[in-house]
Amino acid sequence: MKTSNVLLTLIFAVFLGGCTGLKYLPDGEKLYTGATIEFIKEGEIPKTKDLKKEVAKVITPEPNRTFLGVFRPKLWFYEVTDTPKGKGLRYFFKNKIGEPPVLLKKVSPVAVSSLISNRLDNNGYFRSKVSYEIKEKGKTAKVIYTAVLFPPYRIDSVKFPPRINSVNSKILEDTAKTLLKPGDLYNLTTIKAERERIDLYLKNEGFFYFNPDYLVCYADTAIGKRMVNLSLEVKEETPPKALERYLMHDVVIHPKYSLDNDTAFANQDTVIIEGKYYINSDSTFNPKSIANSVFFERNTYYSRLNHDITLRRLMGLGIFKFVNIKFTDEVVNDTSFLNASIYLTPLRKKSLRAEILAITKSTNFAGPGIDLSFRNRNLLKGSELFVLSTQAGLETQISGQQPGQPSLGAFNLSVEAKLYVPKFLIPFYNVSKISSYFIPKTKFELSAERNYRVDYYTMNSLEFTYGYYWQESETKLHELDPVVINYVRTSQTTPLFDSLLEINPFLQKNFQNQFILGLQYRYTFNNQVKSQLKNQYYFRGTADFSGNLMSLLN
């Protein structure tokens, strides 16, 4: 055993020794092993660790990947595999498992030094000096970049455009929310974010054709003391349309649009719902339910927020495959207007799904099953989702049976009906249209289950749930069920099962007939939808209240 272990260790070491990837390099070539960056501080430099991470993003190319810092198995696979003639096994080893060598000649230290200098400028480190040195060792080489840093420039003051037109006036109204603060470090990324912030604010105030490129920021460093004055202005060459503030005019909803028949609305009936024109081609949908998800109001200024909410809400109804909004502009009596045409392509209304199941459990039970479900995405023409599903399964004990014990088996049949209404239905209270990215829903659920245990008992259960489902944000979900009714009844018990209940009071308690009235609340936090986050979390908590309410009524 000891001899074989030593032999295997030697073979593994010899294999890895050949995996450095240096043996097959062309004569005179050096393998690029990466780069490092060093800062020489000429004064007080804050947060150099973050700055190094920022600068490292522009250093290219990436060297070959290594194992334990020395071995390069992917490079080795590439080099020892002959050039493939087609997409076969050799192609897989060479191009999928392996990777080509990154040679020093592919590196441009002069260009990278320029990029580092530019990135330092973007972070306020003006007039920094960047140099490089190539260090060779055998058949490898690395590059060391050195940057001499002087204290960064900070913002002294921020000047916004003068109040000479409607755009400038709107910008001045929102300066309290500016991202550019006196005393902060000069940062080009922050300046770009400020332009985008202003652009979004203007779009929510009716400036439909404006965009961030029409804003320019001048930086003046002449005041000295490593301070900079920023001046934000609207470019003189900005198109006139971008300076106009637009009111919403006609909003036309096409609920059954198709690319194959995009002229089919010419002679269709039109219904006016809340100031919007609804093309009522065949009464497939309730016009009001669709109009409630459109947040453009006639004679109000265009808003990007309402635009986004409209798109999300219409897609959130779950009955449309595509949603597209097209805008056209017009001028009436010197007033600029926008007309919106909303094109909706429906999904198939009904669907049926069947699944054949094979079930096995750790309790030595196994058996077949079937799952059938029917889905109607527009049951009452108001975008209601109705799901009817049924499950049937047969289980039997395949092993572990004790001598003299009766054969164990079970048959389970369940039926469940769910109805989701895309709004809050609160008794004796009318909830107005809620401006939110996510559609609140009211749910009704009714389920019945019959479980037959051979030679023991039959258990029937019935459950009804009435509740609400709403999403606060992309990461926060709330579910409130003010009414949860559960009825469980055990019947057709056998003498064998009755005898078990007599000798086990705890088991007897579990099989008593029960009628439970209560309420439930569930909260879910899930930031896994934000892929850019380094740390992601999923949390689901449930609070269940029952029993005490019935005792209070008694």
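Above this text you will find the structure in question.
Predicted model, so just to flag it, every value in this text is computed and none were measured.

*Asks:* Looking at this model, I keep getting lost on the side chain of Glu194. Mind explaining?
*Replies:* Along the polypeptide, Glu194 turns up in helix α7 (residues 188–204). In terms of polar contacts, Glu194 uses its side chain to reach the side chain of Arg197, at 3.0 Å. Not counting residues within four places of it along the chain, the set of residues in contact with Glu194 comprises Phe160, Thr178, Leu179 and Leu180.

*Asks:* What am I meant to see in the packing of aromatic side chains here?
*Replies:* Centre distance and the angle of the planes are the two values used to describe a pair of aromatic rings. Evaluation of the coordinates by the stated rule reveals 21 aromatic pairs. Look at Tyr209 and Tyr246: their rings are 5.4 Å apart centre to centre, the planes differ by 70 degrees, and that puts the pair in the edge-to-face class. With Tyr209 in the loop between α7 and β5 (215–220) and Tyr246 in the loop between β6 (227–234) and β7 (247–254), this residue pair connects regions lying 37 residues apart in the sequence. Overall, Tyr209 belongs to the partly exposed group, its relative accessible area being 25%. We classify Tyr246 as buried; its relative accessible area is 3%. Aromatic ring contacts, followed pair by pair, group Phe208, Tyr209, Tyr246, Phe296, Tyr302 and Phe327 into a single cluster. In this structure, Arg245 packs its charged tip against the face of Tyr301, placed 3.6 Å from the ring centre. Here the basic side chain of Arg312 rests over the ring of Tyr437, its NZ or CZ set 4.5 Å away from the ring centre.

*Asks:* How do you make sense of the pattern of salt bridges when you look at a structure like this?
*Replies:* Pairs can form between side chains of opposite charge whenever their charged atoms are close. This structure, assessed with the given rule, holds 25 salt bridges. Across the salt bridge formed by Asp199 and Lys203, the nearest N and O atoms sit 2.7 Å from each other. Of this pair, Asp199 and Lys203 both sit in helix α7, four residues apart, which is roughly one turn of that helix. Neither residue differs from the other here; Asp199 and Lys203 are each classed as buried. Here the salt bridges do not stand alone but share partners, grouping Lys443, Glu479, Asp481, Arg522 and Arg540 into one network.

*Asks:* Explanation requested: the sheet that holds β5 in the structure shown.
*Replies:* One key point about sheets: their strands pair by backbone hydrogen bonds, in either a parallel or an antiparallel sense. Within the open sheet, the three strands sit side by side as β4-β6-β5. Their pairing is mixed. The sheet is open, and its two edges are formed by β4 (154–159) and β5, each paired on a single side. When strand polarity is set aside, the average angle formed by the axes of neighbouring strands in this sheet is 25 degrees. Alignment of β5 against β6, held across six bridges, turns out to be antiparallel. Along β6, the bridge assignment pairs Asp220 with Asn229.

Criteria and cut-off values
- Residues numbered from 1 in each chain as written.
- Predicted model: local features only at pLDDT ≥ 70, side-chain atom pairs only at ≥ 80, totals over all residues.
- Heavy atoms only, no water.
- Helix = DSSP H or I, 4+ residues; strand = E, 2+ residues; numbered from the N terminus.
- Polar contact = N/O pair within 3.5 Å; in protein donor to acceptor, adjacent residues only side chain to side chain.
- Contact = heavy atoms within 4.5 Å.
- Phe/Tyr/Trp six-rings, centres within 6.5 Å; stacked < 30°, edge-to-face > 60°.
- Buried < 20%, exposed > 50% of the residue type's maximum accessible area, 1.4 Å probe, protein only.
- Lys NZ or Arg CZ within 6 Å of the ring centre and 35° of its normal.
- Salt bridge = Lys/Arg side-chain N within 4 Å of Asp/Glu carboxyl O.
- Pairing = 2+ DSSP bridges.
- Axes fitted to C-alpha atoms, helices over the stretch in contact; angles between N-to-C directions.

In short, shape yes, function no, at least from these values alone.
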